Amino acid sequence: MKRGESYRQTLKGRRVLVVGLGKSGKAAVRALNESGAVVSVQDSKTPDGLDTQFLSYMENEGIKAWLGEEPYDMRDYDMLVMSPGVPLSLGFIREAQRIGLEIIGEIELAYRIGNAKFAAITGTNGKTTTTTLVGEIFKASGRNTAVVGNIGNPVVSEALGTTDKDWLVTEVSSFQLETTEDFRPVVSAILNLTPDHLNRHGTMEAYGQAKARIAANQTSDDYLVINADDKDAFRIASDTEATVIPFSRTSEPEVGAYLDGSSIVVKGFDGEKHLICDRAELQIIGDHNVENVLAASAICFFAGIDTEIISETVKNFAGVEHRIEYCGTIDDVDYYNDSKGTNVDAAVIAIKALKDRIILIAGGDGKGQSFDELAAHFSGAVKELILLGRDAPIIEESARRSGFTDIHNCKDMPECVRKAAELAKPGDKVLLSPACASWDMYSSYEQRGKHFKECLKEMLR
């Protein structure tokens, strides 16, 4: 297929509808407009709910906008570019499918308009930590690297003008992968697969199929790094032509990354073992972060980066904001922000990492999950449960079914933080790990996490 400038030439005069004006949608509009496409946009929000600066840009560029309404006739377009937050089940999208329009997402568009190599990382949990670490290692190796994707920086905003000497280290969600066609990373990774976004995908099978698209176009010249300890994730390895590189915390693969006692090791095709570091040298805590480091080490090693660079960067890596982020100690109580724990599995991981004496703040938009698995991990670990948000009653039901009754309901984050401080004793740990998306109360998990930290600062005044 055509990539880079040769693909951009095919966009000239092409009628393209960009659906959704989030970060990636706005970046796609600019890239398409610069490439000479005839761009229109659609968003469910009316103009008063959108960025005024971008509205001015569209007006100045003569970009037709369907805001708060759907386009009248899909035959007016040659192609749709979907933002990841927009479901493919909308009526006008189905009409576009029916009449045979090409429908791609921002990741696919970015792949086509540039020539960069991709290292792409997906999974239910650990994506942001692993992507950030891989990006740090790539940069330390001297490669021209941008860290992009679901991590917050739209891929398409960095793709224009890239050459095959450039790397885009990309966090990729299932929503983004749904609309890929030719996307082919040099190295892909699937970290794990546990229930999430079932309100969008419907079944775990469909969710897994979306994740598997990350490796759909890879060949034996490419690598798929995959969690051998996660049977649902590892099953995907049987359906790819890529060279499979397992990572494991529990066993030694013939080739790949693994935990040898307390040592993080990568083994090459020649059988030679390369020590990355001891897990005690890591600044990030928990078994899940050992897995993230194993995955990142494998990605970088098989992308050709020297193990000394991998080792040094791994040991200096302090983690990412909003993921079991230590926020300080007040009156001998430790506070942790895990706002990125937007599903049950992520919250369980955080509980396991902190082990015991936890006062847990949870709740929000549950995305159709069951919380029984979360409640099953309270015994011996969680002392008090503080709930907020739309689906707090559903979490409370699961907790009470499991026999846990130390539950407190609060109306907002300031009340949650005050209640946690009131309940906590010296040596306890207050953990915000919502097990839910933030959309019922906040625009993003970042905004939720920042508000939690602001509440802590308020307590210190």
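What you see is a predicted model; the values in this text were computed from it and never measured.

Asker: It is not clear to me how the sheet that holds strand β11 (residues 243-248) should be interpreted in this structure. Could you clarify?
Answerer: Strands sit in the order β7-β8-β6-β9-β10-β11-β12-β13-β14 across an open sheet of nine strands; the sheet is mixed. The open sheet has two free edges, formed respectively by β7 (145-149) and β14 (273-278), since each of these has just one partner strand. Each adjacent strand pair in this sheet contributes to an overall mean axis angle of 20 degrees, direction not counted. The pairing of strand β6 (residues 117-122) with strand β9 (residues 187-190) spans four bridges and is classified as parallel. Considered in β9, the bridge of Ala120 is made with Ser188. On top of the sheet, helix α6 (residues 127-140) reaches β6, β7 and β8 (167-171); it is set at about 165 degrees to β8, its chief contact.

Asker: I keep staring at the packing of aromatic side chains and nothing clicks. Help me out?
Answerer: The geometry of an aromatic ring pair is captured by the separation of the ring centres together with the interplanar angle, meaning the angle of the planes. Per the counting criterion, the structure on display carries 12 aromatic pairs. When the ring of Phe269 is compared with that of Phe302, the centres are 5.4 Å apart and the planes differ by 70 degrees; the resulting orientation is edge-to-face. Here Phe302 lies in helix α12 (residues 287-302) and Phe269 lies in the loop between β13 (263-267) and β14, a separation of 33 residues in the sequence. Assessed through its relative accessible area of 8%, Phe302 is described here as buried. Members of the aromatic cluster, joined through ring pairs, are Tyr223, Phe269, Phe301 and Phe302. A cation over an aromatic ring shows up here: Arg3 above the ring of Tyr111, its NZ or CZ 3.9 Å from the ring centre.

Asker: Got a minute to help me understand the sheet that holds strand β16 (residues 333-337) in this structure?
Answerer: The pairing of strands in a sheet comes from backbone hydrogen bonds and takes either a parallel or an antiparallel form. Taking strand neighbours across the sheet as the criterion, the six strands line up as β15-β16-β20-β17-β18-β19 in an open arrangement whose pairing is mixed. Both outer strands of the open sheet, β15 (325-330) and β19 (407-409), are each paired with one neighbouring strand and no more. Between one strand axis and the next, the sheet turns through 20 degrees on average, direction left out of account. Where strand β17 (residues 358-362) lies against strand β18 (residues 382-387), five bridges are found, and the strand directions are parallel. Note on β18: the bridge partner recorded for Ala362 is Leu387. The sheet strands contacting helix α14 (residues 344-354) are β16, β17, β18 and β20 (429-432), and the helix crosses β20 at an angle near 165 degrees.

Asker: Could you clarify how one ought to interpret helix α13 (residues 307-316) in this entry?
Answerer: At 3.6 residues per turn, the α-helix brings residues three or four places apart onto the same side. Among the residues of α13, those classed as buried are Thr307, Ile310, Ser311, Thr313 and Val314. Where α13 is buried, its residues contact α6, β14 and α12. Taking the backbone nitrogen of Glu308 as reference, a side-chain oxygen 2.9 Å away marks Asp306 as the first, capping residue of α13.

Asker: Teacher, can you tell me more about unusual backbone geometry here?
Answerer: For residues besides glycine, phi is generally negative; the peptide bonds are generally trans as well. A positive phi angle, close to 55 degrees, is found at Asp331, a residue other than glycine. Summarising the element assignment, Asp331 is placed in the loop between β15 and β16. On the basis of relative accessibility, which here comes to 66%, the residue Asp331 falls in the exposed class. Although it is not a glycine, Lys367 adopts a positive phi angle of roughly 55 degrees. Summarising the element assignment, Lys367 is placed in the loop between β17 and α15 (372-375). On the basis of relative accessibility, which here comes to 2%, the residue Lys367 falls in the buried class.

Asker: I would appreciate a short explanation of the side chain of Asn289 in the present structure.
Answerer: Along the chain, the position of Asn289 falls in helix α12. On the accessibility criterion, Asn289 (7% relative accessible area) is buried. Ignoring sequence-local partners within four residues, the contact set of Asn289 consists of Thr129 and Ile284.

Asker: Would you explain the layout of surface pockets in this entry?
Answerer: Over the atoms a probe the size of a water molecule is rolled, and this reveals where empty space is left. By volume, the second largest pocket amounts to about 740 Å³. Along the wall of the second largest pocket there are 32 residues; nearest its centre are Thr194, Asp345, Val348, Ile349 and Lys352. Where the lining of the second largest pocket is concerned, the elements lending two or more residues are α12 and α14. Along the lines of polarity and charge, the residues of the lining of the second largest pocket split into nine nonpolar, 13 polar and 10 charged.

Analysis parameters
- Residues numbered from 1 in each chain as written.
- Predicted model: local features only at pLDDT ≥ 70, side-chain atom pairs only at ≥ 80, totals over all residues.
- Heavy atoms only, no water.
- Pairing = 2+ DSSP bridges.
- Helix = DSSP H or I, 4+ residues; strand = E, 2+ residues; numbered from the N terminus.
- Axes fitted to C-alpha atoms, helices over the stretch in contact; angles between N-to-C directions.
- Contact = heavy atoms within 4.5 Å.
- Phe/Tyr/Trp six-rings, centres within 6.5 Å; stacked < 30°, edge-to-face > 60°.
- Buried < 20%, exposed > 50% of the residue type's maximum accessible area, 1.4 Å probe, protein only.
- Lys NZ or Arg CZ within 6 Å of the ring centre and 35° of its normal.
- Polar contact = N/O pair within 3.5 Å; in protein donor to acceptor, adjacent residues only side chain to side chain.
- 1 Å grid on protein atoms, 1.4 Å probe; cavity = no way out; pocket = protein on both sides within 12 Å on 5 of 7 lines; lining within 4 Å.
- Points joined across faces, edges and corners; volume = space filled by probe spheres on them.
- Nonpolar A, V, L, I, M, F, W, Y, C, P; charged D, E, K, R; others polar.

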